[in-house]
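Close look at the chain arrangement
Each chain, letter by letter, is given below.
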Amino acid sequence: MDSSPAAQAPALGSPATRREGREKVTGTARYAAEYALADRAYAWPVPATVPRGRVTAVDTAGALALPGVLAVLTPYDAPRLGPADDPTLRVLQDPDVPHRGWYVALAVAETPEAARAAGAAVRVTYEADPHDAVLRADHPAAYTPEQVNGGYPAHREKGDAAAAFAAAPVRVDCAYAVPPLHNHPMEPHAATAHWETGTGTDPDTLTVYDSSQGSGLVRSTLAALFELPEDRVTVVSEHVGGAFGCKGTPRPHVVLAVMAARHTGRPVTLALPRRHLAAVVGHRAPTLHRVRLGARTDGTLTALAHEVTTHTSRVREFVEQAAVPARVMYAAPALLTTHRVVPLDVPTPSWMRAPGECPGMYALESAMDELAEALGIDPVELRVRNEPDAEPDSGHPFSSRHLVECLREGAARFDWAAHRTPRREGPLLIGTGVAAATYPVYVAPSSARAHALPDGTYLVRTNATDLGTGARTVLAQIAADALRVPMDRVTVEIGHSSLPHGSVAGGSAGTASWGWAVHDACTSLVALLARRSGPLPEAGVSVPADTTASAKQKSPYARHAFGAHFAEVQADTVTGEVRVRRLLGVFAAGRILNPLTARSQFVGGMIMGLGMALTEHSTVDPVFGDFTENDLASYHVPVHADVPDIEAHWLDEHDKHLNPMGGKGIGEIGIVGTAAAIGNAFHHASGRRIRELPLTPDRVLAALG
């Protein structure tokens, strides 16, 4: 086979269109609830209606009497589960209710409608206990954990931040609040499970189609819970309709679907109703921030302290790492970052796009804007003056850091200097704002296998997951470049647990992790083919690759992506409505492997940040202990009309300390600085600072007086 370099443009860096695009627009792409297995049944979960307590009785008679109902599982008769690292998955195992919305029964029927009716007919009796669902900074149960999400130490201190702050000529001491936020992917969580009973010594087998960010993790979790050999469990996540973190770990829906399939002996589909998501699939925890900045009169920082209080559930500890980005951003000789967490009777928080960085940078970048005003220094210039030579917390050199270039490039594209005078157009106040962004570079161990076939085509396999981000396409580009062939000669298979191990699609690490393995497998295959002579065998030849050793090797560099966000907003003094006129992001995120899908990711993140700033919020009801905004009628996400002018650009950044492709990951950095830029723009327009998100009309009118 001829494996010599082809006379063609490189695939990497080209704006290749999504390979699965036609399948999606024609409806042939199958999602987890769309696998039409023979004799399929449907399940509907029943959520608890008390904020804390225990189930004392479950009356299933009315439900079982309905036409088409096959079963109702309860904590008293549901299949028993094996051990689980995640206690949120141990559903229907005991009568305890740790929070409202915890599942207490499961109805199974012939149709979705019958299952829903059966769920509504189940009568559950409770013994309620006193509950506490309200987060406050002075909560007596608050404590400092050992670690926060991501494995970071909860508390870090360099120098004496309190003394340096007290001695600083210019000081800012301010509090900010970010409410609970919800992921709300277009495709709610769903699973189709098929349990096949073995014969004789042949063990049972389980096949599951799940809406998940990682089918490998789902497989190992289900194998442990249902005490099956892992090789008897297959999990398919071929197409996933969005996730934003809430599908990063297995969720109760997939466990319940398997329970129902095992109990009934039939394939079962369970698709969660959107109103259930807030209580059972995680959320961005509310965060209360105190930021103190001390500076010299020239704007250089002498002290930076960022203290965060957040909540977790009593089921499982999850602590949003919101103070961690302050350890990365600015050159302050005295630096304090700490987290406190309050266990409450609430659902367990989890990952949501850019966990930690997103709420943390809102607070830090708002405080930097307040400091710029106190000093009378341009906000862009203030950030430039505090550019560190190395990562402030660790002292490690940056593998690359082009934040200043992002700020300068963004200011030029936005015409920043010309728009620094706030103006008024009738009842509208117009202003501009800026904020910086950062996100760490993660690379997780992954493996892949590259096959060369006799017809001159190639097959690349890795258990990656495409959440709608274009992973298939970019992996095909990586493979084509490494194989030195056109993209149309490469087929990529992903989303199946039988494929070589791929890491979870999260932490903006997917392409960097899977792509490294694909690159290594393909380059090894090229070397193997170069040593061969004669035609390939009928089955072709293949080469595996595993990056575990490389990915686990600790880098001596601090590896982060950076960016700068610019916003122009208008605030209506009559209605209190804030609207974004322009939104611009400039990013330094390593080599951009596909500008078409990359721009989509940047813009999507920026729009999500706009929602965080202006429309998205959730409220924990102190009496009922649940989230009151639990559907898209009450939880408002941005729509097309909310984003009239949005631009995403990037620098041509080359970083040799990352992976063979030089990519940093781009799925999350787009959201990080957006809310702060919009909040800063509102302050510039109105002269008023709102320190609690979102900037809703009631808060705006109150601020404007």
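Above: the structure in question.
Residues numbered from 1 in each chain as written. Predicted model: local features only at pLDDT ≥ 70, side-chain atom pairs only at ≥ 80, totals over all residues. Heavy atoms only, no water.

1. Topic: the overall build of the chain
On a plain count of helices and strands, the chain comes out with 17 helices and 26 strands. Along the first, second and third principal axes, the C-alpha atoms of the chain reach 80 × 75 × 50 Å. Relative to all contacts within the chain whose residues are 6 or more apart in sequence, the contacts with residues 24 or more apart total 81%. Surface exposure of the chain reaches about 25900 Å², of which carbon and sulfur atoms provide 52%. Of note, the chain has its 63 positive side-chain charges centred 2 Å away from the centre of its 75 negative side-chain charges. (Helix = DSSP H or I, 4+ residues; strand = E, 2+ residues; numbered from the N terminus. Contact = heavy atoms within 4.5 Å. Areas by Shrake-Rupley, 256 points an atom, 1.4 Å probe, with all protein chains shown as cover. Lys, Arg positive; Asp, Glu negative; His and termini not counted. Charge placed at Lys NZ, Arg CZ, Asp CG, Glu CD.)

2. Here we look at the sheet that holds strand β19 (residues 428-440)
With mixed pairing, five strands are arranged side by side in an open sheet as β18-β19-β24-β25-β26. Only two strands of the sheet have a single neighbouring strand rather than two, namely β18 (423-425) and β26 (646-650). Taken over all neighbouring pairs, the strand axes of this sheet differ in orientation by 25° on average, direction set aside. In this sheet, β19 lies alongside β18 in antiparallel orientation, the contact comprising three bridges. The partner of R424 across the bridge, within β19, is L429. Lying over the sheet, helix α16 (residues 674-686) contacts β19, β24 (560-572) and β25 (578-588), oriented at roughly 155° with respect to β19. (Pairing = 2+ DSSP bridges. Axes fitted to C-alpha atoms, helices over the stretch in contact; angles between N-to-C directions.)

3. A few points about the environment of T491
Its location among the elements puts T491 in strand β22 (residues 490-493). T491 gets classed as partly exposed once you look at its relative accessible area, which sits at 44%. Separated by 18 residues in sequence, T491 and T473 place their C-alpha atoms 9.7 Å apart. (Buried < 20%, exposed > 50% of the residue type's maximum accessible area, 1.4 Å probe, protein only.)

4. Looking at the packing of aromatic side chains
Under the counting rule described, the total for this entry stands at nine aromatic pairs. Pairing Y35 with Y209 gives two aromatic rings, centres 3.9 Å apart and planes at 15°, and the pair type is stacked. You can see Y35 sitting in the loop between α1 (21-26) and β1 (41-47) and its partner Y209 sitting in strand β12 (residues 205-210), a full 174 residues away along the chain. On the basis of relative accessible area, Y35 is assigned to the buried category, the value being 5%. Relative accessible area serves as the criterion here: at 16%, Y209 is assigned to the buried category. Judged by centre distance (5.8 Å) and plane angle (40°), the ring pair of F602 and W650 falls under tilted. Linking F602 in helix α14 (residues 595-614) with W650 in strand β26, this pair joins segments that are 48 residues apart in sequence. According to the relative accessible area criterion, F602 is buried, its value standing at 0%. (Phe/Tyr/Trp six-rings, centres within 6.5 Å; stacked < 30°, edge-to-face > 60°.)

5. A few points about the nonpolar core
Among the nonpolar cores identified, the biggest contains 92 residues, and L293, L301, L364, L371, F566, F602 and I678 are the most heavily contacted of them. Sort the elements by how many residues they give to this core and helix α8 (residues 357-375) lands first, with 10 residues. Every residue in contact with L371, bar those within four places of it in the chain, is listed here: V170, V172, L293, A295, L301 and L382. One finds A11, A16, A464 and C522 within the second-largest nonpolar core, a separate group that totals 41 residues. (Core = buried A, V, L, I, M, F, W, Y, C linked by side-chain atoms within 4.5 Å.)

6. Some words on unusual backbone geometry
If a residue is not glycine, its phi is most likely negative; likewise, a peptide bond is most likely trans. Here the amide bond leading from L693 into P694 is cis, since omega sits at -5°, within 30 degrees of zero. Within the secondary structure layout, P694 lies in the loop between α16 and α17 (697-704). The backbone phi angle of S508 is positive, close to 55°, even though this residue is not glycine. Mapped onto the secondary structure, S508 falls in the loop between β22 and α12 (510-531).

7. As for the sheet that holds β1
If you trace the seven strands from one edge of the open sheet to the other, you get β3-β5-β1-β14-β11-β12-β13, paired in mixed fashion. In this open sheet, the two strands that pair with only one neighbour each are β3 (69-73) and β13 (233-236). Looking at each pair of strands side by side, their axes are set apart by 20° on average, direction ignored. Pairing of strand β11 (residues 190-196) with β12, which is carried by six bridges, proceeds in the antiparallel orientation. Note that in β12 the partner of A191 across the bridge is D210.

8. Concerning the pattern of salt bridges
If you walk through the whole model with that rule in mind, you get 36 salt bridges. For R52, the salt bridge is made with D345, and the minimal N-O distance between the two is 3.7 Å. On the criterion of sequence distance, the pair formed by R52 in the loop between β1 and β2 (53-59) and D345 in the loop between β17 (334-344) and α8 is long-range, its members being 293 residues apart. Between D129 and R54 there is a salt bridge whose closest N-O contact spans 2.9 Å. (Salt bridge = Lys/Arg side-chain N within 4 Å of Asp/Glu carboxyl O.)

9. Some remarks on the packing of helix α11 (residues 471-483) against α12
At a minimum axis distance of 8 Å, the contact between α11 and α12 shows a crossing angle of 30°. One way to sum up the angle between α11 and α12 is to call them roughly parallel. Two packed elements cross with a definite hand, and for α11 against α12 that hand is right-handed. Residues A471, V474, L475, I478, A479, A482 and L483 of α11 form the contact with α12, whose participating residues are T511, W514, G515, V518, H519, C522, T523, L525 and V526. (Parallel < 35°, antiparallel > 145°, perpendicular 65-115°, else oblique. Left-handed = near helix turned anticlockwise from the far one by under 90°.)

10. Regarding the packing of α8 against α16
Across the interface, α8 lies against α16 with an axial gap of 8 Å and an inter-helix angle of 30°. Put simply, α8 runs roughly parallel to α16. Every pair of crossing elements has a handedness; the one defined by α8 and α16 is right-handed. Touching M361, Y362, E365, S366, D369 and E373 of α8 are A675, A676, N680 and H683, all from α16. For the contact of α8 with α16, a count of residues per class yields four nonpolar, three polar and three charged. (Nonpolar A, V, L, I, M, F, W, Y, C, P; charged D, E, K, R; others polar.)

11. Comments concerning the environment of V643
Tracing the backbone through its elements, the reader meets V643 in the loop between α14 and β26. Put simply, V643 and L70 are 573 residues apart on the chain and 48 Å apart in space, counted from C-alpha to C-alpha. Excluding residues within four positions of it along the chain, V643 makes contact with I607 and L610.

12. Here's the deal with the side chain of S503
As for its placement among the helices and strands, S503 is situated in the loop between β22 and α12. Its relative accessible area of 8% is what places S503 among the buried residues. Beyond its immediate stretch of four places on either side in the chain, S503 contacts A444, P445, S446, N463, S513 and W514.

13. Regarding the pairing of β17
Burial analysis of β17 places 10 of its 11 residues in the buried class, which makes it a mostly covered element. Here strand β9 (residues 155-158) runs beside β17; their pairing, made up of four bridges, is antiparallel. Residue K158 lies in a different strand from β17, and its bridge partner there is L335.

14. A short note on the state of the cysteines
Summed over all chains, the structure comprises zero disulfides. Between C406, a cysteine without a disulfide, and C358, which holds the nearest cysteine sulfur, the sulfur-to-sulfur distance is 18 Å. (Disulfide = S-S within 2.5 Å.)

15. Remarks on the side chain of T221
Its place among the elements puts T221 in helix α5 (residues 215-225). The buried category is assigned to T221, whose relative accessible area is 17%. Excluding anything up to four places from it in sequence, T221 contacts L89 and P250.

Worth remembering: the numbers are spatial, not functional.
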